[in-house]
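What follows is each chain in one-letter form.
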2 protein chains.
Amino acid sequence: MSRLKPTIEDVARVAGVSRATASRAINNAPGASEPLRARVHAAVAKLGYQPNETARALASGRQRAVDVIVVTYGPGIRWLRAHPYFSRVLAGMMPVLEGANAQLRLHAVGHAAATEAIDEIAANTTLGAVLADITPALANRFYSRCRRTVSMVPTASSVPAMQADNIGGAYAAVNHLHQLGHRRIAAVHGPALNPCAVDRRTGYLRAVRKLGLTEVSADGDFRREGGYHAAKTLIEQHPDIDAMFVACDLMAAGAVQAVTASGRRVPDDVSVIGFDDSIAAVCTNPPLTTMRLPVEDMAVAATRLLLEGTPAPGHRQRFPVDLVVRDSVRP
Amino acid sequence: MSRLKPTIEDVARVAGVSRATASRAINNAPGASEPLRARVHAAVAKLGYQPNETARALASGRQRAVDVIVVTYGPGIRWLRAHPYFSRVLAGMMPVLEGANAQLRLHAVGHAAATEAIDEIAANTTLGAVLADITPALANRFYSRCRRTVSMVPTASSVPAMQADNIGGAYAAVNHLHQLGHRRIAAVHGPALNPCAVDRRTGYLRAVRKLGLTEVSADGDFRREGGYHAAKTLIEQHPDIDAMFVACDLMAAGAVQAVTASGRRVPDDVSVIGFDDSIAAVCTNPPLTTMRLPVEDMAVAATRLLLEGTPAPGHRQRFPVDLVVRDSVRP
DNA sequence: ATGAAAGCGCTAACAC
DNA sequence: GTGTTAGCGCTTTCAT
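Just so it is clear, the model here is predicted, and its values are computed rather than measured. Starting from 1, residues in each chain are numbered consecutively following that chain's sequence as written. Here every chain gets a letter starting at A, and every ligand a number starting at 1, in the order they are written. For this predicted model, a pLDDT threshold of at least 70 governs which residues receive local features, and a threshold of 80 or more governs which side-chain atom pairs are given and counted, while totals over whole chains, interfaces and linings are taken from all residues. Working from all heavy atoms in the structure, the side-chain values ignore hydrogens and water.

**Some thoughts on helix H12 (residues 249-261) of chain B**
Residues and elements named next belong to chain B. Helix and strand assignments follow DSSP, with helices taken as H or I runs no shorter than four residues and strands as E runs no shorter than two, numbered in order from the N terminus. Between the first and last residue of a helix there are one fewer steps than residues, each counted as 1.5 Å, and that sum is the expected span. Look at H12: 18 Å from first C-alpha to last across 13 residues, which is about the 18 Å you get at 1.5 Å a residue. Only protein chains enter the area calculation, which uses a 1.4 Å probe; residues under 20% of their type maximum are buried, those over 50% are exposed, and those in between are partly exposed. Every buried residue belonging to H12 is among Asp-249, Leu-250, Met-251, Ala-252, Ala-253, Gly-254, Ala-255, Val-256, Gln-257, Ala-258 and Val-259, and all of these are buried. Residue Gly-263 follows H12 closely and has a positive phi angle near 90°.

Written out as structure tokens, the structure reads:
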């Protein structure tokens, strides 16, 4: 081995052609005859040549990579670890990227240094970026630096986004509970800063008002522990509640445990309805009746959108949030 | 705006220095005087200059990125979506990468096209790759093409790896059950191809033999549904079992549901012990007693190892698998 | 300390 | 159809 890595130059020499022809053959580009193509491919095989993607990207000016950005609040490691959401967006993206032979670059940026991190990422995007979890302000900043962007969460109106009906889903959840005869419906909400959580809270509030129920709310943090404590507080302060709307499945899992710990049964004494239909929904006992957020579908659509070109400003793609009936709500 | 993106050339011109000096200033490299550095930084700020990472990588020959590879069997989307394992390795890696300002490239390669995908990734690695889930054969192939590799799962002996004590953990789990008085201890195993699953099976078998118990096994697939069905079969065919060792928490969640569905209670009638201590372990009812696989720690260590340089062939870093007591085992 | 100039490995005009 | 050549934006000798 004279060199560690053969370059296209080596391939060209071995094949007895010019670098340009070698390039054309390797990229299946037009403008090369069959015989030469064959010689080039033989040389490639012989040398075990693999194109240098970096050089390719620099020369062609295009690179096939999509960046996914999640800004974490507090210890990101804990958040990322616990929450099924992120694997769901990755799971949705990977297959379509694989099919388009594009790369996926994952960025978890801490809230503190978010601004400069955002700027650097924006400057180096190629196919574009999926904003998996971000505040409207940061989304806007990113979008002002890079138009090939799509957000997975509600943001400023100009930023292209996948839009799940969080408000309608929460409304439907409460309505479902009401139709089944529940009248004291409490809620465990998500973080006040999280746009999805805000929408779900809105949906709950609207339903409660529409149905003439009294609002009973506690705040959670989208994590199981938060759901547990919020539910515990709720039960202690309002022993008469007969149902809970919990703004995500992870918190709902905690809520179910809190209900059980209080000596009550789910769903016989207290019904619990979750949100997301994540893996957590089917791990609980009983499995959760929940509102399905089609995260994978949204991720697929977001990725396709980026692959197609630059999304129009304000572009929206709507996704329904449907009821999934399991066993945590008394029929 | 005359240009879309300012280059270092623009910075140099605005600062009234050469490109070389601009580069030195931007990279905090030695060989530039304070006054010039200041002028360069001012120009950077004025133009909003952001270095082009691709060009930087090509010119310097080094790039700061680590690739994480997971080869998926069957519909990768389902697997990635459901299994908490992957987010745990990502959660472990991200913060250390962030601190080292390196990128994370995620590759989910289908089993079918794995070989060529592996080759291409290997040819373009920079800091190195962590093999999150892979067969020994593919790990070996990858390692033969790229030495900056570390596997998160058991593999061929030459490939550097993080080594969790799966055998010992499984053994300890069965032993724990035995000490608490259980004598009919069944097992739900993982996929026969998965090296971790193989080790856990081995640990169960050894313990069963050592303790003079009779082996009762069923095969699962590391997914909840598989755990449910395996446990259901086990209960039907061996109604007298009083405990189950389940090779991962996701399957254990299913097993708990199957036990409940059969009219038995966990842990009063049947104890269930899981493996992983993933998010699923705390979502179940009751929360799972389980064996903690320190995935995040392993991912952190793997990433640090790559950041430090090329791991020695056969390098091993061992991690204990400890008991986490919750409520799914009768005391 | 500073600048001129030579590439990094590849693609894409542009000639032939 | 094929080869020659000029860059992509940056880092890094090597003169000065």
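**Description of the relation of the copies chain A and chain B**
Least-squares superposition of the copies uses the C-alpha atoms of those residues scoring a pLDDT of at least 70 in each of them. At an RMSD of 0.1 Å, chain A and chain B line up after a rotation of 180° and a shift of 0.0 Å along the axis. On the angle and the small slide along the axis, the relation comes out as a two-fold axis. Contacts are assigned to residue pairs that have any heavy atoms within 4.5 Å of one another. When you check the interface residues of chain A against chain B, 100% turn up at the interface there too, and the contact is symmetric in its surfaces.

**Brief notes about the protein's contact with DNA strand D**
Not every one of the 26 residues close to DNA strand D is listed here, only the nearest: Ser-33 of chain A together with Ile-8, Arg-19, Tyr-49 and Arg-62 of chain B. Whether a residue is near a molecule or strand depends on its heavy atoms: if one lies within 4 Å, it is near. The sugar and phosphate moieties of DNA strand D supply 61% of its atoms located within 4 Å of the protein. A 3.5 Å cut-off defines polar contacts: any pair of N or O atoms within that distance qualifies, except that in protein one atom must be a possible hydrogen donor and the other a possible acceptor, and neighbouring residues in sequence count only when both atoms are side-chain atoms. Between a base nitrogen of DNA strand D and a side-chain N or O atom of Arg-24 of chain A, the distance comes to 2.7 Å. Residues are sorted three ways: Asp, Glu, Lys and Arg are charged, Ala, Val, Leu, Ile, Met, Phe, Trp, Tyr, Cys and Pro are nonpolar, and all the rest, Gly among them, are polar. Residue composition of the surface near DNA strand D, by class: 12 nonpolar, nine polar and five charged.

**As for the UniProt feature "domain: HTH lacI-type" (unreviewed entry) in chain A**
UniProt positions are given in the numbering used here, feature names are shortened, and annotations may be inferred rather than shown by experiment. UniProt records the feature "domain: HTH lacI-type" (unreviewed entry) at residues 6-60 of chain A, using the numbering of this structure. End C-alpha atoms of residues 6-60 of chain A are separated by 20 Å, and the span's content is 69% helix alongside 0% strand.

**Observations regarding the domain arrangement of chain A**
Residues and elements named next belong to chain A. On domain assignment, one finds that chain A holds domain 1 (8-49), domain 2 (62-163 + 296-319) and domain 3 (166-294). Placing the centre of domain 2 and that of domain 3 at their C-alpha centroids yields a distance of 28 Å. The interface of domain 2 with domain 3 comprises 15 residues on the first partner and 16 residues on the second. Accessible area that two parts lose when put together, evaluated with a 1.4 Å probe and summed over both, is termed the buried area. Interface area for domain 2 against domain 3, summed over the two sides, is near 1300 Å², with a carbon-plus-sulfur share of 64%. The rule for a salt bridge is simple: a side-chain nitrogen of Lys or Arg has to be within 4 Å of a carboxyl oxygen of Asp or Glu. At the boundary of domain 2 and domain 3, one finds one salt bridge. For Glu-296, the salt bridge goes to Arg-292, with nearest N and O atoms at 3.8 Å. Connecting domain 2 to domain 3 are six residue pairs in polar contact (both at pLDDT 80 or more). Contributing elements (two or more residues each) for the side of domain 2 that touches domain 3: helix H5 (76-82), helix H6 (84-99) and helix H14 (295-308). Here the residues of the side of domain 2 that touches domain 3 sort into nine nonpolar, one polar and five charged. What counts as a domain boundary in this text is fixed by an automatic or database domain assignment.

**A look at the protein's contact with DNA strand C**
In the neighbourhood of DNA strand C, 27 residues make up the surrounding shell, with Ile-8, Arg-19, Tyr-49 and Arg-62 of chain A together with Ser-33 of chain B lying closest. Backbone sugar and phosphate groups make up 63% of those atoms of DNA strand C lying within 4 Å of the protein. The backbone of Ile-8 of chain A places a nitrogen or oxygen atom 2.4 Å from a phosphate oxygen of DNA strand C. Arg-56 of chain A places a side-chain nitrogen or oxygen 2.9 Å from a phosphate oxygen of DNA strand C. Looking at the surface near DNA strand C, the elements with two or more residues in it are helix H2 (19-26) and helix H4 (53-60) of chain A together with helix H2 (19-26) and helix H4 (53-60) of chain B. Tallied by class, the residues present in the surface near DNA strand C amount to 12 nonpolar, nine polar and six charged.

**Some remarks on the nonpolar core**
Formed by 130 residues in total, the largest nonpolar core has its most connected members in Met-152 of chain A together with Met-152 of chain B. With residues up to four places along the chain from it excluded, the contact list for Met-152 of chain B reads Tyr-85, Val-89, Val-130, Leu-131, Ala-132, Met-162, Val-295, Met-298, Ala-299 and Ala-302 of chain B. For this analysis, a nonpolar core means a set of buried residues of the types Ala, Val, Leu, Ile, Met, Phe, Trp, Tyr and Cys, connected via side-chain atoms within 4.5 Å. Counting residues in hydrophobic clusters, the runner-up holds 64 residues, among them Ala-253, Val-272, Cys-283 and Leu-288 of chain B.

**Quick word on the pattern of salt bridges**
If you walk through the whole model with that rule in mind, you get 34 salt bridges over all chains. A single network of salt bridges, built from pairs that share partners, joins Arg-88, Asp-277, Arg-292, Glu-296 and Arg-326 of chain A.

**A look at the sheet that holds strand S10 (residues 289-292) of chain B**
Residues and elements named next belong to chain B. Criterion used throughout: strands pair if DSSP finds at least two bridges between them. Sheet architecture is open: six strands sit in the order S7-S6-S8-S9-S10-S12, paired in mixed fashion. Of all the strands in the sheet, the pair left with one neighbour each is strand S7 (216-219) and strand S12 (322-324). Strand after strand, the sheet turns through a mean of 20° between neighbouring axes, direction not considered. Sheet topology places strand S8 (residues 243-246) next to strand S9 (residues 271-276); three bridges connect them, and they run parallel. Each residue of the ladder has a partner; that of Phe-245, found in S9, is Ile-273. Axis angles are defined between N-to-C directions and span 0 to 180 degrees, where every axis is a line fitted to C-alpha atoms and, for a helix, only to the segment in contact. Against the sheet, helix H9 (residues 166-179) engages strand S6 (185-189), S8, S9, S10 and S12, with an angle of about 165° to S9.

**Remarks on the sheet that holds strand S9 (residues 271-276) of chain A**
Note: strands within a sheet are paired through backbone hydrogen bonds, in either parallel or antiparallel orientation. All names here are of chain A. Read across the sheet, six strands follow the order S7-S6-S8-S9-S10-S12 without closing on themselves; strand pairing throughout is mixed. Unpaired on one side and paired on the other, strand S7 (216-219) and strand S12 (322-324) mark the two borders of the sheet. With direction set aside, neighbouring strand axes in the sheet form an average angle of 20°. Sitting on the sheet, helix H9 (residues 166-179) touches strand S6 (185-189), strand S8 (243-246), S9, strand S10 (289-292) and S12, and the angle it makes with S9 is about 165°.

**What to know about the packing of aromatic side chains**
Note on aromatic contacts: the rings of Phe and Tyr and the six-membered ring of Trp form a pair at centre separations within 6.5 Å, being stacked when their planes are under 30 degrees apart, edge-to-face when over 60 apart, and tilted otherwise. Inspection of the entire model under this criterion finds six aromatic pairs over all chains. Between Tyr-204 of chain A and Phe-245 of chain A, the ring centres sit 6.2 Å apart and the planes meet at 5°, which makes this aromatic pair stacked. Pair noted here: Tyr-204 of chain A is in helix H10 (residues 195-210) and Phe-245 of chain A is in strand S8, with a separation of 41 residues, a long-range link. Using a relative accessible area of 0% as the deciding quantity, one classes Tyr-204 of chain A as buried. Judged by relative accessible area, which is 0%, Phe-245 of chain A ranks as buried. With a centroid separation of 6.2 Å and an interplanar angle of 80°, the aromatic rings of Phe-245 of chain B and Phe-275 of chain B are classed as edge-to-face. Of this pair, Phe-245 of chain B sits in strand S8 while Phe-275 of chain B sits in strand S9; the two residues are 30 residues apart in sequence, bridging distant segments of the chain. Across this residue pair, the class does not change: Phe-245 of chain B and Phe-275 of chain B are buried.

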